[in-house]
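Survey of secondary and tertiary structure
Residue-level listing of the chains:
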Amino acid sequence: MANSIMEHYIEDLRQRKAIAEGTAKDIEAQHSKGRLTARERLQLLFDPGTFTEIDSLVMPRSDVYMGGKTSRYGDGVVTGFGLINGQHTMAAAQDAAVLGGSLGEMHANKIVKAMKMAIEYGCPFIALNDSGGARIQEGVDSLGGYARIFDANCEASGVIPQISVIMGPCAGGAVYSPALTDFVFMTENSYMFITGPDVVKAVMQEEVSLEDLGGGRVHSQSSGVCHFLTRDDRECLIQVRELLSYLPPNNQEDPPYIRPLDDADRRCPELEQLVPADPYQPYDVRRVISSLMDDGKFLEVHRLWAENMVVGFARLNGYVVGLVANQPMVLAGCIDIQASIKAAHFIRICDAYNVPIITLQDVPGFLPGKDQEYGGIIRNGARMIYAYSEATVPKLMVILRKSYGGAYCVMSSKGLRGDLLYAWPNAEIAVMGAEGAVNILFRNDVKNAPDPAARRKELVDDYQRKFNNPYVAASRGLIDEVIEPRDTRRLLIRGLQLTLSKRERHVPRKHGISPA
Ligand code: HXC
């Protein structure tokens, strides 16, 4: 008898949970859009069989909110915890089958609860977004829910890694939760916008498609909102797992160390060919990174945006490091507004999560021009200085070739408390290039010479001999050593081993004020 009563209860529970999981029609509707369901996504994201749902029986306060439709358990979002690469992680996945994944009061409560748990237990939080935004029927309760999510995002910032994954629509102010997190992934089949095509048409009298307004390409290449653009749901979730393999669970712990297979003493003679001696010849700095890092592996962040600056994660002798490198292949590696913003954000992430920063410099200077000045290169360049100065993680740097002017100062220099700075023997470290310097310093000298061209050449050669080398900086201790390119990997590893125990503290303050 007792057993049959229990069976009744269990059957009742099962029926409720089956309702929460949705119908075959719901699942088919989502598949027909080329997308997976919330639960399928979570199964792929987490280590097999480890995802554990919570709050599956949460419901909206009133059926009125469901627009007269039968309410369903879960309120349009699946939350829970599990393991990713063996590390505890919390997640929320919006369920597009319930009122378009729109966010109501209880839906928001579930997300905020999961975020607070992630902060409390020190584990990463991942949001899988697929939603029509604020649930229209719930009005201000829905808007209030967003505000609480934003607040939790800010509270979690720099404490636990936060990753947003956009796998469908992400409309209206809803975009601000992803924008407050550390990394944003988008699939090709997703979009983010503040004001949709209808509003753009009404206000601006302009026809624009969803993809053109806020598709994955737009946010990866133009706005910089998206850090990783992926083909579809599956590829996206695999990449999220890969990114997490470089991050610690929280700011109190170190990133995951992996016993290295690559030799710590490995010489890299190929570097001598990879970087052309001719300072005007471009090359792909990613090849230098691959040559230096363990097993040639590099996870590039923000790959399609501000391509003149390359940032991303790799391992050096098993330890996770963050790379910040000028890319001579794009704009000759000059620093511009977008590159400054990109580098500053990445440096702050590395600093927050105890990831040492390795800077590879080959930079002719800041990008000149009216666009840059009007766009605020002063304000935005300052962000990068601020980020480097603020960072207390080990900061190692190698000058591969050019290191000119302001660009020298702002990228991990001694003045910004760079820990170990190396330069290759071909490095050019000076206020500006020889041609520019002679134009300013010796204008009259050249003009009045019997043979101006010959005099000019003589002065340029002289300047180059005196200043365009690493030895002036080495003689002042502004770089710590001039090294052979082939020794770069082993010396970076030795430097990293030394500096991993670095203890640097700031004077207490409420917070600094990073340039706007
Ligand atoms: C309630 C919604 C909804 C919403 C969609 N649905 N969005 N219900 N509130 N915001 C419902 C639809 O009525 C429909 O229900 C189901 O979800 C699927 O929607 P479809 O339109 O059929 O899907 P699709 O064609 O894929 O289009 C998806 C969409 C579109 C582009 C997202 O639904 C849309 O434009 N929704 C409104 C987007 C929006 O403007 N949101 C408010 C933004 S303002 P049925 O029953 O028919 O299946 C905002 C403020 C946040 O978010 C403020 C934060 C600070």
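For the structure itself, look to the data block above.
On a predicted model such as this, the values are computed, not experimentally measured, just so you know. Each chain carries its own residue numbering, running from 1 in the direction its sequence is written. Only residues with pLDDT of 70 or above have their local features reported here, since the model is predicted, and side-chain atom pairs are shown and tallied only from 80 upward, although totals for entire chains, interfaces and linings are computed over all residues. Remark: hydrogens and water are excluded; side-chain values derive from all non-hydrogen atoms of the structure.

**Concerning the environment of Gly216**
Numbering of helices and strands starts at the N terminus; helices are DSSP runs of H or I of at least 4 residues and strands are runs of E of at least 2. Among the secondary structure elements, Gly216 is positioned in helix H9 (residues 216–222). Three labels apply to residues, based on accessible area from a 1.4 Å probe with only protein chains included: buried if under 20% of the type maximum, exposed if over 50%, partly exposed otherwise in between. With relative accessibility at 3%, the residue Gly216 sits in the buried group. Here the alpha-carbon distance between Gly216 and Met167, two residues 49 residues apart in the chain, equals 9.8 Å. The criterion used for residue contact is that any of the two residues' heavy atoms lie within 4.5 Å. With sequence-adjacent residues up to four places away left out, Gly216 is seen in contact with Met186, Thr187, Ser190 and Leu229.

**Quick look at empty space enclosed by the protein**
Buried and open spaces are told apart on a 1 Å grid over the protein atoms alone, a cavity being a set of points where a 1.4 Å probe fits but cannot get out and a pocket being an open set with protein on both sides within 12 Å along at least five of seven lines. Residues with an atom within 4 Å of a point are the lining residues. Grid points are joined across faces, edges and corners, and a volume is the space filled by probe spheres set on the points. Summed over the entire model, instances satisfying the criterion amount to 3 cavities of 30 Å³ or more. Roughly 150 Å³ of internal volume is contained in the largest cavity. Looking at the largest cavity, it is lined by 17 residues, and the ones nearest its centre are Gln94, Ile111, Ala127, Asn129 and Ser177. Elements that contribute at least two residues to the lining of the largest cavity include exactly strand S3 (87–94), helix H4 (105–121), strand S4 (125–131), helix H5 (139–156) and strand S5 (162–171). With 5 residues, S4 is the single largest residue contributor to the lining of the largest cavity. For the lining of the largest cavity, the class distribution of residues is 12 nonpolar, 5 polar and no charged. Looking at the second largest cavity, its volume works out to about 40 Å³. The wall of the second largest cavity is formed by 13 residues, among which Ala20, Tyr73, Gly74, Gly76 and Asp95 lie closest to the centre. Side-chain classes are defined by residue name, with Ala, Val, Leu, Ile, Met, Phe, Trp, Tyr, Cys and Pro counting as nonpolar, Asp, Glu, Lys and Arg as charged, and the others, Gly among them, as polar. For the lining of the second largest cavity, the class distribution of residues is 5 nonpolar, 2 polar and 6 charged.

**Examining the side chain of His107**
Looking at where His107 falls in the secondary structure, it is placed in helix H4. Its relative accessible area of 0% is what places His107 among the buried residues. When sequence neighbours within four positions are dropped, the list of residues in contact with His107 reads Asp75, Gly76, Val77, Gln94, Gly101, Ser102 and Arg135.

**As for the nonpolar core**
Note on terminology: a nonpolar core comprises buried Ala, Val, Leu, Ile, Met, Phe, Trp, Tyr and Cys residues joined through side-chain atoms within 4.5 Å. Counting residues in hydrophobic clusters, the biggest one holds 52 residues, and the most contacted among them are Ile126, Phe183, Phe313 and Val324. Broken down by element, this core gets its largest block of residues, 7 residues, from helix H13 (residues 337–352). Counting 30 residues, the second-largest nonpolar core is a separate cluster that includes Val275, Tyr283, Phe298 and Ile483.

**Overview of a nonpolar patch on the surface**
By definition, no residue in a patch forms a salt bridge, and every one has over 30% relative accessible area; like charges are joined within 9 Å, nonpolar side chains (Val, Leu, Ile, Met, Phe, Trp, Tyr) within 5 Å. Using a 1.4 Å probe, the Shrake-Rupley method yields the accessible areas, and only the shown protein chains count as cover for residues. Salt bridge, as applied in this entry: a Lys or Arg side-chain nitrogen positioned within 4 Å of an Asp or Glu carboxyl oxygen. A surface patch of nonpolar side chains, about 390 Å² in accessible area, is lined by Ile5, Met6, Tyr9 and Ile10. Structurally, the position occupied by Ile5 is in helix H1 (residues 2–21).

**Focus on helix H17 (residues 434–441)**
Of all the residues in H17, the buried ones are Ala434, Ala437 and Val438. For H17, the arc enclosing every buried residue in end-on projection is 95°, short of the 170-degree limit, so these residues lie on one face. Where H17 is buried, its residues contact helix H18 (443–448) and helix H19 (452–467). Picture the helix axis, draw a direction to every C-beta atom, and the arc is the one those directions span.

**Comments concerning the packing of H17 against H19**
Interaxial angle, 0 to 180 degrees, is taken between N-to-C directions of lines fitted to C-alpha atoms, where a helix line uses only the stretch in contact. At a minimum axis distance of 9 Å, the contact between H17 and H19 shows a crossing angle of 120°. In terms of orientation, H17 lies oblique with respect to H19. Helix-helix and strand crossings are classified by hand; for H17 and H19 the assignment is right-handed. Taken together, the residues of H19 that come into contact with H17 (itself represented by Ala434, Glu435, Ala437, Val438 and Asn439) are Arg456, Leu459, Val460, Tyr463 and Gln464. When grouped by side-chain class, the residues that make up the contact of H17 with H19 number 6 nonpolar, 2 polar and 2 charged. Roughly parallel means an angle under 35 degrees; roughly antiparallel means over 145; roughly perpendicular covers 65 to 115; every other angle is labelled oblique. Left-handed describes a crossing in which the near helix is turned anticlockwise from the far one by less than a right angle; the clockwise case is right-handed.

**Some thoughts on the pattern of salt bridges**
Applying the stated criterion across every chain, the model contains 34 salt bridges. Taking the shortest distance from any N to any O, the salt bridge between Glu504 and Arg417 comes out at 1.9 Å. Taken together, the positions of Glu504 in the segment after helix H21 (488–499) and Arg417 in the loop between helix H16 (405–410) and strand S14 (420–423) put the pair 87 residues apart, joining distant regions of the chain. Residue class for Arg417 comes out partly exposed when judged on its relative accessible area of 31%. Residue Asp462 pairs with Arg465 through a salt bridge whose shortest N-O separation is 3.3 Å. Highlighted residues: Asp462 and Arg465, both in helix H19, separated by 3 residues, approximately one helical turn. Several salt bridges converge on common partners, so that one network encompasses Asp262, Arg266, Asp294 and Arg489.

All quantities given are derived from atomic positions and should not be read as evidence of function.
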